[in-house]
Amino acid sequence: MKSEAIVSNTTQIEARSVGKTFGKFHALRDVSLQISEGEFLSLLGPSGSGKTTFLTLLGGYEPVTRGRLMLEGQDMTSWSANQRGFGMVFQGYALFPHLTVAENIAFPLKVQKRSKAQVTDRVAQMVEMVGLSGHEHKKPKALSGGQQQRVALARALAYEPKVLLLDEPFSALDKNLRGQMQEELRRLHRDLGTTFVFVTHDQEEALALSSRIAIFNHGELQQIGTPDEVYERPANRFTAEFLGDINILSLDAEAGGIAGTPLELPASATAYEHVAIRPEHMRLAAAGDGNQLPARVRDRVYLGSKSRLLLETRAGEELMLYFDNGPGLPPPDRGAELNVVWDTRDSFAI
Ligand code: ATP
């Protein structure tokens, strides 16, 4: 499910050919992208791909080496972090250990010299918003990881920043709590309409939360788009493989298909060497329409509601698909010969 928050068409932040080097090392190269007001944009990529570096450039915590950063049409490249005024939630919780929950949340408001009454009101509102009523007077170490992360969120949102930057905020939490916090973050985003820029290396997290995803590898932006665009229509092999399971088969120009088998191929196939199909778009066939590729079952893994089948084509290439366990036919045994079928529209050339 995607966030239902309203995303405007107004560009709020723009990166123009942004580069960052540390000594001779290029952490980011030529990154250009636009972020709309109210978006939930995830920066997704493997470790070391430059996600955190890009976030710190956006926040003004590090200067860019090349390019420009724009905020609502104004050049903010040389502005300090304070002048930009974005909220930031870090990987650790970075709470002040000697301050209570309420004092932690109040801190940025006091720095802004808000009146005492305003601070009290706002803190009460934020405590309620992140579900921490009753915990106001506790110190961070008396809270669970999830509660500490809620305090960090409340503190970052207390002074109503236009943009909230989040760097893997849930990476220290266990799986259940992580899911719960993701739901809460979605709700907060929906209710507040603040622009969220969220760093994660977790594909599922990015797909579930974002209005758009920017995919990075080796400091370069690979693709930016809605979750279904990047998942269903990856721009290149890296994105296709990084976002989930994918079957990649060599095209056989002579046969006009794959592995000596003539097949209907995506229109763009002539310019490429491989065709890619996600496992969930493949099924086993008796006979019928669509592409049919003969294959042999090499291995079968029982996963409860489904079985994962590892197959081998006649050309010796591997492919994988899921078989729904349940009423009807049992999954085929190892060694079984069968046909794999898919709709050409669900395949793409890479
Ligand atoms: P992770 O998921 O591991 O945090 P990331 O995609 O956020 O990875 P970055 O933290 O942006 O990656 O780092 C990108 C590259 O830049 C890495 O190779 C890192 O070692 C390098 N790097 C980052 N900050 C510095 C620095 N201050 N000095 C030198 N190299 C740095």
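Reading the values: the criteria
- Residues numbered from 1 in each chain as written.
- Predicted model: local features only at pLDDT ≥ 70, side-chain atom pairs only at ≥ 80, totals over all residues.
- Pairing = 2+ DSSP bridges.
- Helix = DSSP H or I, 4+ residues; strand = E, 2+ residues; numbered from the N terminus.
- Axes fitted to C-alpha atoms, helices over the stretch in contact; angles between N-to-C directions.
- Contact = placed C-beta atoms within 7 Å.
- Domains from an automatic or database assignment.
- Expected span 1.5 Å × (residues − 1).
- Buried ≥ 20, exposed ≤ 12 C-beta atoms within 10 Å, placed from the backbone.

- Looking at an unreviewed UniProt entry, the protein carries the name ABC transporter, ATP-binding protein, with the source organism given as Salipiger bermudensis.

**Brief notes about the sheet that holds strand E10 (residues 220-225)**
Working step 1: The strand order across the open sheet formed by six strands is E6-E7-E8-E3-E9-E10, and the pairing between neighbours is mixed. Taken across any chain shown, the strands that pair with only one partner, and hence form the sheet edges, are strand E6 (87-89) and E10. Each strand of the sheet is rotated relative to its neighbour by a mean of 15 degrees, with strand direction disregarded.
Working step 2: Relative to strand E7 (residues 163-167), E6 is paired through three bridges, and the arrangement is parallel. Looking at the pairing, Met88 lines up with Leu165 of E7.
Working step 3: Sheet strands in contact with helix H5 (residues 145-157) are E6 and E7, and its direction is about 170 degrees off that of E6.

**A few points about the domain arrangement of the protein**
Working step 1: When the domains of the protein are assigned, the result is domain 1 (11-239) and domain 2 (245-349).
Working step 2: A separation of 40 Å is found between the C-alpha centroids of domain 1 and domain 2.

**Structural notes on H5**
Working step 1: The end-to-end C-alpha separation of H5 is 18 Å, in line with the 18 Å expected for 13 residues at 1.5 Å each.
Working step 2: In terms of burial, H5 is a largely internal element, ten of the 13 residues being buried.
Working step 3: Among the residues making up H5, those that are buried are Gln148, Gln149, Arg150, Val151, Ala152, Leu153, Ala154, Arg155, Ala156 and Leu157.

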